[in-house]
Amino acid sequence: MTDVKIGRALLSVSDKTGLVELGKELARHGVALVSTGGTAKALRDAGLDVSDISDLTGFPEMMDGRVKTLHPKVHGGLLAVRNNAEHVASMTEHDIAPIDLVVVNLYPFAQTVARGADRDEIIENIDIGGPSIVRSAAKNHESVTIVTDPADYGRLIEEMNTHGGATTYDFRRLCAAKAYAATAAYDSMISSWFAYADQGQKFPPVRSMSSTLSSTLRYGENPHQDAAIYFPMGPHTSGLPQASQVQGKELSYNNYNDANAALELVAEFRDGPPTVVIVKHANPCGVATGETLAEAYKNALECDSVSAFGGIIACNRPLDGETAEAITEIFTEVVVAPGADDAAKAAFAKKKNLRLLLTDGLPDPARPGQQVAIIAGGVLVQDRDNGQVTRDMLKVVTKRAPTQQELDDCMFAWTVAKHVKSNAIVYAKDGATAGIGAGQMNRRDSSRIAAAKAKEAAETYGWAQPHTMGSAVASDAFFPFADGLMAAVEAGATAVIQPGGSMRDEEVIAAADEAGLAMVFTGMRHFRH
């Protein structure tokens, strides 16, 4: 394929960033400029010679600008195959001039939705002519250059400067691919708005999603897997892809996955006291509140200091120097927080490989949304688990009701258990986890593993007894048999919070009564696979 010299350009942009500079460079190469509405005005105000689209088509812009580029003299000039004799003859017969370059970005549909515009304004910001000319130009990329992103203006000019006012086929092909991605994403945002916001369809007949590459990653879960991170186009919750990385090496796939688990859990405490979450392999291994972040970190670490090595830490408060100094005493991969003072940053600077991510606040744990999982031959879609249990929803099912302290510990353990891989068992006491059992095939083993971790912590720190003694225990789903409950009793738990709903609930309740436990049912489970 040959280089194509640009003789005429059609410019019609919503985002005027870099427009005047581009227009001046095109004019320097002798390119005739054709434009529309506000784009033409911006170019003229900069002293450039511009023809209106109506000069090209012979028709005025009409219907409040809805009809301006939808014309054979535009699309004929874009779609004509230049080395096809019949196409050339049709161009001559109908006085259609070739268009060699199209510079278009589309109406700001997503931005209009994001600022809460009414339905009529949203509909008016659905671009019709823009996507049409983008597709026409991209289809005929053998002869036409299509640029849809202001970030590519510099590369376009570099191409023209290097190739005597022309563009190469490779450049045009790359631009065409990007152009179709842009229109596909635009249509996806529109279809999603119609389905979810306008018509309330949770699961529309056709589901479309659009996202933009944030960066490629070193590798995936394992070195032989390639990986990248994308962020969604259109309105979305701010999270790790939007966080500011203050220091540290590039994040890996596993870093992002684990850090997100930590962020989602610590967000449950965003309106609570200072809280620290430590995560390893997407499971919390220690969670605690305290009078200060430093106290919360100490208590979280003591739950399972072995697993915390090489872990991810998230805080619900801006980091201070004392907490940061304590964190640097062991190897930590990533720290996530809504801020950090100068003393904290200075402490972390001594650990050059530690990644410090500062987020714009914490996400709302009750926010709506959906989660997607790819399986062989299909896609699983579900609502995100934003279920919340309040104290007045609890049902006391044992003869003994929990004390106020036991109830506090139950609610804390329940909140953490929501974020532990099933089968999940969490012991908690005085605002800190005492033991966490995750991902086992039966609930009894999860109970025993959590108790074993608590016993190990007691031995490590020289405590008189494990913190599971006098603790509350949370189970993410019901106890199908009393054995899991009895394992908690053996660990020293005095209160239990669980969903209930088993055919053997009466058997489990009777075992709890016999052991003198207080037990409450939530009526809601939190499986996390």
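Quick look at the structure, then.

## Regarding the packing of helix α18 (residues 482-491) against helix α19 (residues 505-514)
Interaxial distance between α18 and α19 falls to 9 Å at its minimum, and their mutual angle equals 20 degrees. Overall, the two elements α18 and α19 adopt an arrangement that is roughly parallel. Handedness of the crossing formed by α18 with α19: right-handed. Contact residues: Ala-482, Leu-485 and Met-486 in α18; Glu-507, Val-508, Ala-511 and Ala-512 in α19. Split by residue class, the contact of α18 with α19 holds six nonpolar, no polar and one charged.

## Here we look at the environment of Gln-371
Its place among the elements puts Gln-371 in strand β16 (residues 370-375). Separated by 367 residues in sequence, Gln-371 and Val-4 have C-alpha atoms that sit 46 Å apart. Not counting the four nearest positions on each side in its chain, Gln-371 is found in contact with Leu-380, Val-381, Gln-382, Asp-383, Arg-384 and Asp-385.

## Thoughts on the packing of aromatic side chains
Within the structure shown, the criterion is met by six aromatic pairs. Judged by centre distance (5.5 Å) and plane angle (45 degrees), the rings of Phe-269 and Phe-412 are tilted. In this pair, Phe-269 sits in the loop between α11 (253-267) and β11 (275-280) while Phe-412 sits in helix α16 (residues 404-417), placing the two residues 143 residues apart along the sequence. You'll find Phe-269 and Phe-412 in the same group, each marked buried. On the basis of an interplanar angle of 20 degrees and a centroid distance of 5.4 Å, the ring pair of Tyr-461 and Trp-463 is categorised as stacked. Taken together, Phe-109, Tyr-186, Trp-193 and Phe-194 form an aromatic cluster joined through their ring pairs.

## Observations regarding the nonpolar core
Grouped together as the largest cluster of nonpolar side chains are 49 residues, with contacts concentrated most on Leu-26 and Val-102. The residues touching Leu-26, leaving out its near neighbours within four places in the chain, are Ala-9, Leu-11, Val-31, Leu-33, Leu-101, Ile-157 and Met-160.

## Side note on the environment of Lys-399
Along the chain, Lys-399 falls in the loop between β18 (395-396) and α16. Since its relative accessible area comes to 77%, Lys-399 is described here as exposed. In this structure, the C-alpha to C-alpha distance between Lys-399 and Gly-369, residues 30 residues apart in sequence, is 39 Å.

## Section: the environment of Arg-448
Relative to the helices and strands, Arg-448 is located in helix α17 (residues 443-461). Among the residues examined, Arg-448 registers a relative accessible area of 46% and is labelled partly exposed. For the pair formed by Arg-448 and Glu-490, sequence separation is 42 residues and the distance between their alpha carbons is 9.0 Å.

## Some remarks on the pattern of salt bridges
Per the counting criterion, the structure on display carries 23 salt bridges. With a closest N to O distance of 2.8 Å, Lys-41 and Asp-45 form a salt bridge. With Lys-41 and Asp-45 both in helix α2 (residues 37-45) and four residues apart, the pair spans about one turn of that helix. Look at Asp-45 and you get exposed, because its relative accessible area is 57%.

## Quick look at the sheet that holds strand β5 (residues 101-105)
One open sheet accounts for five strands, arranged β4-β3-β2-β5-β6; its pairing is parallel. Strands at the two margins of the open sheet, each flanked by one partner only, are β4 (50-52) and β6 (145-147). On average, each strand axis in the sheet is inclined to that of its neighbour by 25 degrees, with strand direction left out of account. Here strand β3 (residues 32-35) runs beside β4; their pairing, made up of three bridges, is parallel. Residue pairing for β4: Leu-33 is matched across the bridge by Val-50. Where α2 meets the sheet, its contacts fall on β2 (8-13), β3 and β4, and the angle it forms with β4 comes to roughly 155 degrees. In this fold helix α8 (residues 129-139) packs onto β2, β5 and β6, with an angle of close to 145 degrees to the strand it touches most, β5.

## A short note on the pairing of β2
Within β2, five of the six residues are buried, which leaves it mostly tucked inside the rest of the structure. Relative to β3, β2 runs parallel, the two being bridged by four bridges. When the sheet's bridge partners are listed, Ala-9 is paired in β3 with Leu-33. Between β2 and its parallel partner β3, the chain crosses via helix α1 (residues 19-28), and the hand of that crossover is right-handed. Sheet topology note: the β2/β5 ladder contains five bridges and is parallel.

## A closer look at the side chain of Glu-268
Residue position: Glu-268 is located in the loop between α11 and β11. Judged by its relative accessible area of 18%, Glu-268 is buried. In this structure Glu-268 touches Pro-365, Gln-388, Thr-415, Lys-418 and His-419, once residues within four positions along its chain are discounted.

## As for unusual backbone geometry
A cis amide bond links Ser-422 to the next residue, Asn-423, at an omega of -5 degrees. Position of Asn-423 among the secondary structure elements: in the loop between α16 and β19 (425-429). One non-glycine residue with positive phi stands out, namely His-281, at about 50 degrees. Relative to the assigned elements, His-281 resides in the loop between β11 and β12 (283-289). Residue Ala-282 is not a glycine yet carries a positive backbone phi of 70 degrees. The class of Ala-282 is buried, set by a relative accessible area of 9%.

Conventions adopted
Residues numbered from 1 in each chain as written. Predicted model: local features only at pLDDT ≥ 70, side-chain atom pairs only at ≥ 80, totals over all residues. Heavy atoms only, no water. Axes fitted to C-alpha atoms, helices over the stretch in contact; angles between N-to-C directions. Helix = DSSP H or I, 4+ residues; strand = E, 2+ residues; numbered from the N terminus. Parallel < 35°, antiparallel > 145°, perpendicular 65-115°, else oblique. Left-handed = near helix turned anticlockwise from the far one by under 90°. Contact = heavy atoms within 4.5 Å. Nonpolar A, V, L, I, M, F, W, Y, C, P; charged D, E, K, R; others polar. Phe/Tyr/Trp six-rings, centres within 6.5 Å; stacked < 30°, edge-to-face > 60°. Buried < 20%, exposed > 50% of the residue type's maximum accessible area, 1.4 Å probe, protein only. Core = buried A, V, L, I, M, F, W, Y, C linked by side-chain atoms within 4.5 Å. Salt bridge = Lys/Arg side-chain N within 4 Å of Asp/Glu carboxyl O. Pairing = 2+ DSSP bridges. Right-handed = clockwise from strand over helix to strand, strands pointing away.

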